[in-house]
Amino acid sequence: MSAPVRIVIVGGGTAGWMTAALFSRFLIPGFDIQLVESDDIGTVGVGEATIPQIQLFNAALGIDEDDFLRATMGTIKLAIEFVDWFEPGSRYMHAFGAVGRDVGLIPFHHYWLRAKALGLAEPLGAYSQNYAMAMAGRMQRGPARTSRTLPEVQRAYHFDASLYAAYLRRYAEPRGVRRIEGRIETVDLHPETGCVEALRLAGDRRVEGDVFIDCSGFRGLLIEGALGAGFEDWSRWLPCDRALAVPCASVSPLTPYTRATARLAGWQWRIPLQHRIGNGHVFCSAFMDEDEAARLLLANLDGEPLADPRPIRFKAGMRKKAWVKNVIAVGLSSGFLEPLESTSIHLIQSALSRLLKFLPRKEMIEADIAEYNRQSAFEYEKIRDFIILHFKATQRNDTPYWDYLREMSVPDYLTDKIAMFESYGRIFRENDELFNDTSWFAVMVGQGMLPKGYDPMVDVMSNEELVRRMADIKSVIAKSAEVMPGHFEFIKANCDAMG
Ligand SMILES: Cc1cc2nc3c(=O)[nH]c(=O)nc-3n(C[C@H](O)[C@H](O)[C@H](O)COP(=O)(O)OP(=O)(O)OC[C@H]3O[C@@H](n4cnc5c(N)ncnc54)[C@H](O)[C@@H]3O)c2cc1C
């Protein structure tokens, strides 16, 4: 039998332990897995909101949802509420799950646009079950128990990412992952191939490997520090470069959604957990200093702050290559997009599922590396453009920051997407692009965009039929939320961590 492939995971943040947990589930035997982390250095310590795909990750590990929510102080997330984005005083929700019902090949949003043109449409949220549940503070697993079968509720979670990493460590270690505590000081490269051969740790320890997964956070210890992959800077479109994070005391009700409120030079998140509310002010240092950002954050908390605001620095962008030689970057070492649509933990998860498909042995296959990097860049760029949309499509003209964003030119893909939407409401999802047409539509309309027209095929339906269908969807959705238990009651009954 050949010697096992030695995989070394560098870093024990959310990315490191997600990698360790997944590999411990799918790779042993045949692989020897070690994880190196340094308690002295610590983790980024933020990351609390997710998108529904995380359910797939947990399910792949066989994790019980209630156990996971209890261990991570988690709550349910059904949507993101955007406040003051289009203009001060505006609000809308990007809710998970379907909106309305498609008719044949025509997406629902074209029917909504026609009804809107006729003055017969309610706001978009009236046709979304997740919106109705979020507004009413409800939660239930499985489909709603009404006379009509509705699809399963689409949900994600709010949780403490450090507790999630600890939870996954408890999962991975008994399954064979070996943890090494220590600060990596230097990296040994093979003199001919340039591949990473070993890590040198404080105390004269050496950790050898065949494949290294760089989960070392922003610093990109191997991918950048040792192999110089290069960084593609996207700060001209996403100029925020700082955040201040602060937890505050909980208040009721326990809302099952994230809130993102636009501020004068950035935006503020609000994420309710079982034991506290996570808050943070993401801002652009070219337009606001840290003292003012802290003042604004502390003046806009629901409860007493539980700590001093903690500063974090970053730059929006992506590693030019996520995989170089025998090093694959996963997590913050591969790039960063501000957490407006809660996509970072998802990017870890999807990098890992891609990695399992392309998993290297001892020999590196150049074609695999190139295709992996192509898919990774595609995913990052499409999410980037969706996030840029929130800043570009605004009427705000109250500060130089918003003037800059409103006037900036955006990547070609987004320019084309906006042009196609503005004409006849067309939205196309390209290949495995993360956000579907329902998400794009919710944000475009929420940000005040409306197209000139809609798909002419919807005119086949009579006005009476259109009105009847729209009213029917609205009433089924409203009734479905009414019969569900409250989110707080759901947590108490199933996964209360507070005793
Ligand atoms: C302001 C902000 C808000 C965010 N909010 C969200 C959110 O709501 N939702 C979401 O999905 N994501 C969010 N994220 C992203 C999320 O926090 C990260 O994607 C996630 O925590 C993964 O981080 P990481 O494991 O890559 O890096 P880190 O947590 O930084 O971990 C790096 C690890 O590498 C180790 N390490 C580094 N150098 C060395 C060394 N020399 N020797 C040994 N060990 C070393 C460290 O000790 C640590 O264990 C947010 C990020 C920021 C900055």
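Refer to the preceding data block for the structure.
Residue positions are counted from 1 within each chain, in the order its sequence is given. Totals for whole chains, interfaces and linings use all residues, but because this is a predicted model, local features are given only for residues with pLDDT of at least 70 and pairs of side-chain atoms are given and counted only at 80 or more. Excluded from the side-chain calculation are hydrogens and water; included are all heavy atoms of the structure.

Below, the discussion takes up the overall build of the protein. Looking only at helices and strands, the protein has 15 helices and 21 strands in total. Throughout, radius of gyration means the C-alpha value; the globule benchmark is 2.2 Å times the number of residues raised to the power 0.38. The C-alpha atoms of the protein give 23 Å as radius of gyration, which agrees with the globular expectation for 499 residues (23 Å, within 12%). In terms of overall dimensions, the protein has a C-alpha envelope of 75 × 50 × 50 Å along the principal axes. Looking at the protein as a whole, 57% of its 499 residues are labelled buried. Relative to all contacts within the protein whose residues are 6 or more apart in sequence, the contacts with residues 24 or more apart total 77%. For accessible areas, the Shrake-Rupley method is used with a probe of radius 1.4 Å. Any residue's cover is judged against the shown protein chains and nothing else. Only carbon and sulfur atoms are counted for the fraction: they give 51% of the accessible area of the protein, which is about 20900 Å². In the protein, 56 side chains carry a positive charge and 64 a negative one; their mean positions are 3 Å apart. Numbering of helices and strands runs from the N terminus, with a helix taken as a DSSP run of H or I at least four residues long and a strand as a DSSP run of E at least two residues long. Here the term buried applies to any residue with accessible area under 20% of the maximum for its type, exposed to any over 50%, and partly exposed to those in between, with areas from a 1.4 Å probe on protein chains only. Contacts are residue-level and defined by heavy atoms, with any inter-residue pair within 4.5 Å sufficient. Only four residue types enter the charge count, namely Lys and Arg as positive and Asp and Glu as negative; His and the chain termini do not. By convention, the point assigned to a charge is CZ for Arg, NZ for Lys, CD for Glu and CG for Asp.

With that out of the way, let us pick up the packing of aromatic side chains. Centre distance and the angle of the planes are the two values used to describe a pair of aromatic rings. Whether two aromatic rings pair depends on their centres lying within 6.5 Å, for rings of Phe, Tyr and Trp, where Trp uses its six-membered ring; planes under 30 degrees apart make the pair stacked, over 60 edge-to-face, and the rest tilted. One pass over the full model with this rule turns up 24 aromatic pairs. Aromatic pair Trp85 and Trp267: ring centres 6.4 Å apart, planes at 50 degrees, arrangement tilted. In this pair, Trp85 sits in the loop between β4 (79–83) and β5 (91–95) while Trp267 sits in strand β15 (residues 266–272), placing the two residues 182 residues apart along the sequence. Accessibility expressed as a relative area gives 1% for Trp267, which makes it buried. Three or more aromatic residues joined by ring pairs make a cluster, and in this case those are Phe82, Trp85, Tyr92, Trp267, Trp269, Phe287, Phe391, Tyr401 and Trp402. Its end group placed over the ring of Tyr171, Arg175 keeps NZ or CZ at 3.6 Å from the ring centre. A ring is scored as having a charge over it whenever the NZ atom of a lysine or the CZ atom of an arginine sits within 6 Å of its centre and within 35 degrees of its normal. One Lys or Arg, Arg236, reaches over the ring of Trp237 and ends 3.9 Å from the middle of that ring.

On to the site of the ligand. Near the ligand, the surroundings consist of 35 residues, among which Gly12, Val46, Ala49, Ile184 and Ile345 are the closest. Ala49 is positioned such that a nitrogen or oxygen atom in its backbone is 2.7 Å from a nitrogen atom of the ligand. Any N or O atom pair separated by 3.5 Å or less is treated as a polar contact, with the protein-specific requirement of one donor-capable and one acceptor-capable atom, and with residues adjacent in sequence counted only for side-chain atom pairs. One of the backbone N or O atoms of Leu332 is found 2.9 Å from an oxygen atom in the ligand. Secondary-structure elements contributing two or more residues to the shell around the ligand are α1 (14–26) and α9 (344–357). By residue number, the principal contributor to the shell around the ligand is α9, which donates three residues. Residue polarity follows a fixed list, in which Ala, Val, Leu, Ile, Met, Phe, Trp, Tyr, Cys and Pro are nonpolar, Asp, Glu, Lys and Arg are charged, and the others, Gly among them, are polar. Looking at the shell around the ligand residue by residue, the class counts come to 17 nonpolar, 14 polar and four charged. We call a residue near a molecule or strand whenever a single non-hydrogen atom of that residue lies within 4 Å of it.

A pair of packed helices can be characterised by two numbers: the angle between their axes and the separation between those axes. Helix axes use the C-alpha atoms of the stretch in contact, all axes being lines fitted to C-alpha atoms, and the angles between their N-to-C directions lie in the range 0 to 180 degrees. Interaxial distance between α9 and helix α10 (residues 366–392) falls to 11 Å at its minimum, and their mutual angle equals 160 degrees. The orientation of α9 with respect to α10, classified from their angle, is roughly antiparallel. In this structure, α9 crosses over α10, and the sense of that crossing is right-handed. The residues of α10 that touch α9, namely those facing His346, Leu347, Ser350, Ala351, Arg354 and Leu355, are Tyr372, Gln375, Ser376, Glu379, Tyr380 and Ile383. Of the residues contributing to the contact of α9 with α10, the split by class is six nonpolar, four polar and two charged. Between 65 and 115 degrees an angle is taken as roughly perpendicular, under 35 as roughly parallel, over 145 as roughly antiparallel, and anywhere else as oblique. In a left-handed crossing the near helix is turned counterclockwise from the far helix by less than a right angle, and in a right-handed crossing that turn is clockwise.

The subject of this paragraph is helix α15 (residues 487–494). Taken residue by residue, α15 has His487, Phe490 and Ile491 as its buried positions. Buried residues of α15, viewed axially, fall in a sector of 95 degrees; they line one side. Looking at the buried side of α15, the elements it contacts are β3 (75–77). The arc in question is traced by the directions running from the helix axis to the C-beta atoms.

Nonpolar side chains tend to gather and get buried jointly when the protein is soluble and globular. Ile7, Trp85, Leu168, Ile213, Leu389 and Phe391 are the most contacted members of the largest nonpolar core, which totals 151 residues. The dominant element in this core, judged by the number of residues it contributes, is α10, at ten residues. With sequence-adjacent residues up to four places away left out, Phe391 is seen in contact with Trp85, Leu238, Trp267, Glu338, Leu340, Tyr401, Trp402, Leu405, Arg406 and Met408. Formed by 17 residues, the second largest nonpolar core is a distinct cluster that contains Val36, Val207, Ile223 and Leu227. The definition of a nonpolar core used throughout is a set of buried Ala, Val, Leu, Ile, Met, Phe, Trp, Tyr and Cys residues joined through side-chain atoms within 4.5 Å.

A word on unusual backbone geometry. That bond from Ser252 to Pro253 is cis: its omega, 0 degrees, falls within 30 degrees of zero. The residue Pro253 is located in the loop between β13 (242–248) and β14 (258–263) in this model. A positive phi is found at Met73, a non-glycine position, where the angle reads about 60 degrees. Positive phi, close to 60 degrees, is recorded for Asp204, a residue that is not glycine.

Note: strands within a sheet are paired through backbone hydrogen bonds, in either parallel or antiparallel orientation. The rule for pairing is simple: two strands pair if DSSP sees at least two bridges between them. Ordered in space as β8-β9-β10, the three strands form an open sheet in which the pairing is antiparallel. A single partner strand is all that each edge strand has here, and the edge strands are β8 (184–189) and β10 (205–208). Geometrically, the sheet is characterised by an average inter-axis angle of 25 degrees between neighbouring strands, direction not taken into account.

Let's shift gears to the side chain of Ser38. Note on placement: Ser38 falls in the loop between β2 (31–37) and α2 (54–61). When its relative accessible area of 12% is taken as the criterion, Ser38 is described as buried. Once you skip the residues sitting within four places of it in the chain, Ser38 turns out to touch Glu181, Gly182 and Arg183.

Right, let's talk about a nonpolar patch on the surface for a bit. A cluster of nonpolar side chains, namely Leu118, Leu120 and Val467, defines an oily patch on the protein surface of about 230 Å² accessible area. Its place among the elements puts Leu120 in the loop between α4 (108–117) and α5 (129–136). Distance thresholds for patches are 9 Å for like charges and 5 Å for nonpolar side chains (Val, Leu, Ile, Met, Phe, Trp, Tyr), applied to residues having over 30% relative accessible area and no salt bridge. Any Lys or Arg side-chain nitrogen located within 4 Å of an Asp or Glu carboxyl oxygen qualifies as a salt bridge.

For the rest of this paragraph, the subject is the environment of Glu224. Tracing the chain through its elements places Glu224 in helix α7 (residues 221–226). Those residues in contact with Glu224 that lie beyond four places of it in its chain are Arg219, Ala229, Gly230, Phe231 and Arg319. Polar contacts involving the side chain of Glu224 include one to the main-chain amide nitrogen of Gly230, which spans 3.0 Å.

Tyr401, Trp402 and Leu405 are the residues of helix α11 (residues 400–407) that are buried. The buried residues of α11 all sit within an arc of 90 degrees when viewed along its axis, so they share a single face. Away from its buried face by more than 90 degrees, α11 exposes Pro400 and Glu407. Next to the buried residues of α11 lie β14, β15 and α10.

Distances and angles like these do not, on their own, reveal function.
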